[in-house]
Amino acid sequence: MKAKNKIITAVLLSAGAAVGTALINKYIKMSAVARNLLTQPEPRCYRWRLGNIYYTKTGTGKPLLLVHDLTHASSSCEWDSLIPLLKEYYTVYTIDLLGCGRSEKPNLTYTNFLYVQLLNDFVKSEIGRRTNIVATGASAPIVTMACGYNPDLFEQMMFINPDSLLSCSHIPGKSAKCYKFILDLPIIGTLLYNFASARSIISKTFSESYFYNPYDVNPHNIDKYHESAHLGDSPKSVYASVQCNYTKCNITKTLEKIDNSIYILGGEAEPDIDLTIKEYTKCNPAIESSTIVNTRHLPQLENPEEVSATVQMFFN
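Residues numbered from 1 in each chain as written. Predicted model: local features only at pLDDT ≥ 70, side-chain atom pairs only at ≥ 80, totals over all residues. Heavy atoms only, no water.

### A short note on the overall build of the chain
Scanning the chain for helices and strands turns up 14 helices and 8 strands. What you see for the chain is a C-alpha radius of gyration of 21 Å, in line with the 20 Å of a compact globule of 316 residues. Summarising its shape, the C-alpha atoms of the chain cover approximately 80 × 40 × 40 Å along the three principal directions. Looking at the chain as a whole, 50% of its 316 residues qualify as buried. (Helix = DSSP H or I, 4+ residues; strand = E, 2+ residues; numbered from the N terminus. Rg over C-alpha atoms; globule rule 2.2 N^0.38 Å. Buried < 20%, exposed > 50% of the residue type's maximum accessible area, 1.4 Å probe, protein only.)

Listed below in structure tokens is the structure:
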């Protein structure tokens, strides 16, 4: 009888803990998205086969597609300071990749090829002509592969602080697969994701990794990234896929064969950016490059004027 009571007590305690944790997860999500900071006055929607894709279009001239970095908190708000400087010269498109920002966030494993298909389909359907493209960080390898599969869709490409070729080559190992399994769990996985997506963590990332001068970080941008990280049905799915290397792909062979013009723009304070540029130019000697002083991973937020000038110089 005592053993039975102990089992019942353990079950009730476990159930209570699960319900409590689920309520905490719900509260974190609701409080993060309550301010609707990512809402745009004229949102556009591309109805892709795996989910609705949010994008914006403004300006006149040749098409220019801006693709944000591939992280769980990134979205097209990455380009908010740059768009006003470019829309006089280009028809500027921004896209929230599947699993990011205001786009749908289905519960699935996100891969490099999934995003390659998305970009190619988006350019065909919504732009309808060859386009210039700018991509940040982990999205640069995706754009590289998209161009490799369908070079006729793209004209010139600019990569802002792209992932190193070594980083692109990482594949999911046993520990990564185990971590993804845990993250995919409904309650504990969501709680772990909420810890990783806390506003304090995003603020620390901005201060230590994204900006050269932490005092230049705008708290409003942190709030937008925090909201982006919690919008949608399953925001943790893209986080799990990125963290566990499912979105990685070896781009070396593709980079060697690409005939499109490529420009690498680096933040001078970005770790190992000179080495990364050397890796890329070794694969494709035609690649041009430059760096912007006193910037780090997101120069489009730190010094949008200089980034705009470089974009206009390259995409002339």
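What follows continues from the structure just given.
### Thoughts on helix 9 (residues 219–228)
Since one α-helical turn is 3.6 residues long, residues separated by three or four positions face the same way. Most of helix 9 is tucked away: 8 of the 10 residues are buried. Along helix 9, the residues classified as buried are Asn221, Ile222, Asp223, Lys224, Tyr225, His226, Glu227 and Ser228. At the N-terminal boundary of helix 9, the capping side chain belongs to Asn218, with an oxygen 2.9 Å from the backbone nitrogen of His220. (Polar contact = N/O pair within 3.5 Å; in protein donor to acceptor, adjacent residues only side chain to side chain.)

### Some thoughts on the layout of surface pockets
Within this model, the largest pocket holds a volume of roughly 800 Å³. Taken together, 31 residues line the largest pocket, and the ones lying closest to its centre are Asp69, Thr71, Asp163, Tyr210 and His297. For the lining of the largest pocket, the leading source of residues is helix 8 (residues 199–210), giving 5 residues. Approximately 290 Å³ is the volume attributed to the second largest pocket. Every residue lining the second largest pocket is counted, 13 residues in all, and those nearest its centre are Gln40, Thr56, Lys57, Thr58 and Ile83. For the lining of the second largest pocket, the secondary-structure elements that each account for two or more residues are strand 2 (51–59) and helix 2 (83–86). In terms of residues, the lining of the second largest pocket owes the most to one element, strand 2, which gives 3 residues. (1 Å grid on protein atoms, 1.4 Å probe; cavity = no way out; pocket = protein on both sides within 12 Å on 5 of 7 lines; lining within 4 Å. Points joined across faces, edges and corners; volume = space filled by probe spheres on them.)

### Describing the sheet that holds strand 6 (residues 154–160)
Strand order across the open sheet formed by 8 strands is 1-2-4-3-5-6-7-8, with mixed pairing between neighbours. The outermost strands of the open sheet, each flanked by one partner alone, are strand 1 (44–48) and strand 8 (288–292). Each strand axis lies, on average, 25° off the axis of its neighbour in the sheet, ignoring direction. Where helix 4 (residues 139–149) meets the sheet, it contacts strand 3 (62–67), strand 5 (131–136) and strand 6, and its direction lies at approximately 160° from that of strand 6. (Pairing = 2+ DSSP bridges. Axes fitted to C-alpha atoms, helices over the stretch in contact; angles between N-to-C directions. Contact = heavy atoms within 4.5 Å.)

### Points about the confidence of the model for the chain
Of all residues in the chain, 90% have pLDDT values of 70 or greater, and the mean over the chain is 91. Note on residues 10–14: pLDDT is under 50 here. Beyond four places in sequence and across chains, it has 0 contacts. (pLDDT = per-residue confidence, 0-100.)

### What to know about the packing of aromatic side chains
Counting across every chain of the model gives 11 aromatic pairs. Their ring planes at 80° and their centres at 5.0 Å tell us that Tyr55 and Phe122 sit as a pair that is edge-to-face. Within this pair, whereas Tyr55 is found in strand 2, its partner Phe122 is found in helix 3 (residues 112–127), the two being separated by 67 residues in sequence. Given a relative accessible area of 0%, Phe122 falls into the buried group. Residues Phe206 and Tyr210 carry aromatic rings whose centres are separated by 5.0 Å and whose planes lie at 80° to one another, so their mutual orientation is edge-to-face. Of the two residues, Phe206 and Tyr210 both sit in helix 8, 4 residues apart, roughly one turn of that helix. Through pairs of rings, three or more aromatic residues link up here, namely Phe206, Tyr210, Phe211 and Tyr225. Lying across the ring of Tyr54, Arg102 places its NZ or CZ 6.0 Å from the centre. The aromatic ring of Tyr246 is capped on one face by Lys180, whose charged end is 5.6 Å from the ring centroid. (Phe/Tyr/Trp six-rings, centres within 6.5 Å; stacked < 30°, edge-to-face > 60°. Lys NZ or Arg CZ within 6 Å of the ring centre and 35° of its normal.)

### Brief notes about the packing of helix 8 against helix 9
Running from N to C, helix 8 and helix 9 point in directions that differ by 125°, and their axes come no closer than 9 Å. The angle between the axes of helix 8 and helix 9 places the two elements in the oblique class. Here helix 8 runs over helix 9; the crossing is right-handed. Each of Arg199, Ile202, Ser203, Phe206 and Tyr210 in helix 8 lies in contact with helix 9, whose residues at this interface are Pro219, Asn221, Ile222, Asp223, Tyr225 and His226. (Parallel < 35°, antiparallel > 145°, perpendicular 65-115°, else oblique. Left-handed = near helix turned anticlockwise from the far one by under 90°.)

### What to know about the nonpolar core
Core analysis: the largest hydrophobic core is formed by 48 residues, its most contacted members being Leu65, Leu70, Leu97, Tyr115, Phe159 and Tyr280. In terms of residues, this core owes the most to one element, helix 3, which gives 8 residues. Core analysis: the second largest hydrophobic core is formed by 19 residues, Val217, Ala229, Tyr239 and Ala240 among them. (Core = buried A, V, L, I, M, F, W, Y, C linked by side-chain atoms within 4.5 Å.)

### Re the environment of Val116
Along the chain, Val116 turns up in helix 3. Exposure remark for Val116: the relative accessible area of 1% places this residue in the buried category.

### Digging into unusual backbone geometry
The backbone of Asn245 shows a phi angle near 70°, a positive value even though the residue is not glycine. On the secondary structure map, Asn245 appears in the loop between helix 10 (236–243) and helix 11 (252–257). Judged by its relative accessible area of 17%, Asn245 is buried. The backbone of Asp272 sits at a positive phi, close to 60°, despite the residue not being glycine. Locating Asp272 in the fold gives a position in the loop between strand 7 (262–267) and helix 12 (273–283). In this structure Asp272 comes out as exposed when scored by relative accessible area, which is 57%.

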